[in-house]
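Here is how the chains run, residue by residue.
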Amino acid sequence: MGSEGGPSSRLSLLLLSLPGLAAVAALLFTWLQVSQTSKELRISEEGQITNRFNAAIGNLGSGSIDVRLGGIYALERIMNDSPRDQATVVSVLSAYVRRHAPIPIAAPMADISAAMNVLVRRRPESDQGLELDLSRTDLRGWKPAHPYEEGAIHLQGTIFTGADLSDAQLGGADLSEANLEKANLSRADLSGATLTGAVFEEAQLRDTGFTGADLTDAVVCSWVIRCPDLTGSRFAGADLTRAGFVGADLRKATMCSEVFLAPVGGTKEAEAGRMCATLRGVQLSDAKLSEVDLARADLSGADLTDADLSKADLTDANLTGAILTGTKLSGATLKGARGLPPSLR
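Reference entry: report on the structure contained in this document.

Rules used in this analysis
- Residues numbered from 1 in each chain as written.
- Predicted model: local features only at pLDDT ≥ 70, side-chain atom pairs only at ≥ 80, totals over all residues.
- Heavy atoms only, no water.
- Axes fitted to C-alpha atoms, helices over the stretch in contact; angles between N-to-C directions.
- Helix = DSSP H or I, 4+ residues; strand = E, 2+ residues; numbered from the N terminus.
- Parallel < 35°, antiparallel > 145°, perpendicular 65-115°, else oblique.
- Left-handed = near helix turned anticlockwise from the far one by under 90°.
- Contact = heavy atoms within 4.5 Å.
- Salt bridge = Lys/Arg side-chain N within 4 Å of Asp/Glu carboxyl O.
- Nonpolar A, V, L, I, M, F, W, Y, C, P; charged D, E, K, R; others polar.
- Buried < 20%, exposed > 50% of the residue type's maximum accessible area, 1.4 Å probe, protein only.
- Phe/Tyr/Trp six-rings, centres within 6.5 Å; stacked < 30°, edge-to-face > 60°.

The N-to-C vectors of helix α3 (residues 86-100) and helix α4 (residues 110-120) enclose an angle of 150°; their axes lie 10 Å apart at closest approach. As far as their axial angle goes, α4 and α3 are roughly antiparallel. Here α3 and α4 pass one another in a crossing that is left-handed. Together, V90, L93, S94, Y96, V97 and H100 of α3 and D111, I112, A115, M116, V118 and L119 of α4 make up the contact between the two elements.

With that settled, the discussion passes to the pattern of salt bridges. Scanning all chains against the criterion turns up ten salt bridges. The partner of R52 in a salt bridge is D81, and the shortest N-O contact between them spans 3.0 Å. Of this pair, R52 sits in helix α1 (residues 7-60) while D81 sits in helix α2 (residues 65-81); the two residues are 29 residues apart in sequence, bridging distant segments of the chain.

Remark: α2 packs on α4, axes separated minimally by 9 Å, with the N-to-C direction vectors making an angle of 5°. The angle between the axes of α2 and α4 places the two elements in the roughly parallel class. Contacts from I65, R68, L69, I72, Y73, E76 and M79 in α2 reach A110, D111, A114, A115 and V118 in α4. Here the contact of α2 with α4 is composed, by residue class, of nine nonpolar, no polar and three charged.

Note that S166 resides in the loop between α4 and β1 (219-221). Exposure remark for S166: the relative accessible area of 4% places this residue in the buried category. Sequence separation between S166 and D189 is 23 residues; the distance between their C-alpha atoms is 8.9 Å. When neighbours within four sequence positions are excluded, S166 is seen to be in contact with R140, G141, N184, L185, S186 and R187.

Turning our attention to the packing of aromatic side chains. As enumerated under the stated definition, the model contains two aromatic pairs in all. Plain terms: the ring middles of F200 and F210 are 6.0 Å apart, the flat faces sit at 85° to each other, and that makes the pair edge-to-face. Here F200, found in the loop between α4 and β1, pairs with F210, found in the loop between α4 and β1; they are ten residues apart in sequence, far enough to count as distant.

Written out as structure tokens, the structure reads:
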């Protein structure tokens, strides 16, 4: 009689294992087929996206605005379907805006507004480090399609050097770290906008609305940056923590509460004067305000903690209730200033 480990036993074990080996082989074969099918599907999808992209680019060159609009929205669909292609789409659309809306032209056409709306509602995290370049573009009066939806306007880090954004409606926009050098923002609405770290070197800021905006670390002017004209700019509720206003004339920067009506010549007309409170209650902690002209400014209730007001002109300024902890006032002109504690007079 043969031993338990003899040839016949091993043969029996091998025969018993064949169905299992066959199943494993079948699974391996199926996996290879699925992998090959998936690979072919990816190649097919990439080919479709390439074809869609080429068709959309072709539409952008059409003489018909309807066809151009179709191309713009086709690119947005590609960007949403294939996030890895977003940087390419953003480059194409920003180049389209720069080419078709250069300084100076008429007000933006429908296709420019459409391209801008696609750009601002993209997901910036898919930009792969790409900088959105809209320098020297004419975007006068541009109004995003959904300006009041939270997080609807993504323009952080955008290059707006020399762009015309006068009368643009950018309330609530994210413009953090944006380069607004020499940009025209006259009468633009930036209320509630995030402008942290933004640079406004030589920008035009007449009658610009910064109500409730976050200007933390923003550089409006400094020793090397020429100060913009801030006549009529409104900073009600703005956060100017560590913002740079060195040498700025902020007497003209106001936060007006209302335009009130009064009978003039027997009829109700808007009175020429306005009820204004200049920088009242504004957050200016750590702000760089050396040599700033704040003569007769109303800074009552403002937070000036650790602000640098050295050599500033505060003649007849109202500082009643202002927080002056750590405020630097060396060399400042304080004649007639109200609200100063005895230790700072």
